[in-house]
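Coordinate analysis (summary)
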Amino acid sequence: PLPPRPILITIDDNYIAVYDQVFPILQARGMVAVNFAHTNYVGVVTGSGDHCDWNEIKTMEDAGCVFTESHTKTHQNLTTLSTSVAQDEIVGSKAAIEANVAGKTCRYLAYPYGAYNSTHVSMASAAGYRAAFTTVNQLAYRTTPRFEIGRTTIGADSVSSLASKIGHSSLPALPGNGFTLDNSDPNCTVNSS
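In what follows, the accompanying structure is described. As the structure is a prediction and not an experimental result, all values here were calculated from the model.

Side note on the overall build of the protein chain
- When helices and strands are counted, the protein chain shows 5 helices and 7 strands.
- For the protein chain, the sequential pattern of α-helices and β-strands runs β-α-β-β-β-α-β-α-β-α-β-α.
- Counting over 193 residues, the protein chain shows a buried share of 36%.
- Within the protein chain, contacts between residues at least 6 apart in sequence are counted, and of these 59% link residues at least 24 apart.
- Counting only carbon and sulfur atoms, one obtains 52% of the accessible surface of the protein chain, whose full area is about 10,700 Å².

Right, here's the structure in full:
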């Protein structure tokens, strides 16, 4: 069961910083995140930088800390592609992850650029994904459509800025010992690199 008001940490594009920087920080704190990878660029250096390879992805998976899910094969805007190419992007990425990470079932998709339509929702569902994520800046509720889950971009925000973005300061207090987001907490580290 989820705790009250859980936060899911998601990271797009599978950059090497996920392995080099994020993974050790999360592992040291017993936290978990999702890494959305465009699978044709796993282990490839592009103009945007280096990407984690399959061994690094497997290491993070085996640690139970950073789980890699689909961000399609080539990170193209699905709404600009033909139906068959979009289908290949959605299905092919899932297949690549499952083929390269032993025992893994890829269950989640992040639409590149947050761009999708009802056809892509149907494709993702038919491919066997459980849910998909957009870039719409919104909180998720039990009533949120599973293939249209929004996310809040953090970037280099401070802890107080994140708290404001997710409405933490305007929420009623949790009963008992609820989690408090506070950058004066010795267990909180802000890494702006």
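What follows continues from the structure just given.
A short note on the pattern of salt bridges
- Within this structure, the stated rule accounts for 7 salt bridges.
- One salt bridge in this structure joins Asp12 and Arg151, with 2.8 Å as the shortest N-O distance. Note that Asp12 is positioned in strand 1 (residues 9-12) and Arg151 in the loop between strand 7 (131-133) and helix 5 (159-165), a separation of 139 residues in sequence.
- With a relative accessible area of 25%, Asp12 lands in the partly exposed category.
- Taking relative accessible area as the criterion, Arg151 reaches 12% and is therefore assigned buried.
- A salt bridge links Lys165 to Asp157; the nearest nitrogen and oxygen atoms lie 2.6 Å apart.

As for the side chain of Arg151
- A distance of 3.1 Å separates the side chain of Arg151 from the side chain of Thr10, its partner in a polar contact.
- A polar side-chain atom of Arg151 sits 3.0 Å from the main-chain carbonyl oxygen of Thr134.

What to know about the environment of Cys65
- As for its position among the elements, Cys65 is in the loop between helix 2 (54-62) and strand 5 (66-70).
- Considered as a pair, Cys65 and Val32 are 33 residues apart in the sequence and their alpha carbons are 4.6 Å apart.
- Aside from chain neighbours lying at most four places away, what touches Cys65 is Phe23, Leu26, Gln27, Met31, Val32, Ala33 and Met60.

Scoring rules and cut-offs
- Residues numbered from 1 in each chain as written.
- Predicted model: local features only at pLDDT ≥ 70, side-chain atom pairs only at ≥ 80, totals over all residues.
- Heavy atoms only, no water.
- Helix = DSSP H or I, 4+ residues; strand = E, 2+ residues; numbered from the N terminus.
- Buried < 20%, exposed > 50% of the residue type's maximum accessible area, 1.4 Å probe, protein only.
- Contact = heavy atoms within 4.5 Å.
- Areas by Shrake-Rupley, 256 points an atom, 1.4 Å probe, with all protein chains shown as cover.
- Salt bridge = Lys/Arg side-chain N within 4 Å of Asp/Glu carboxyl O.
- Polar contact = N/O pair within 3.5 Å; in protein donor to acceptor, adjacent residues only side chain to side chain.

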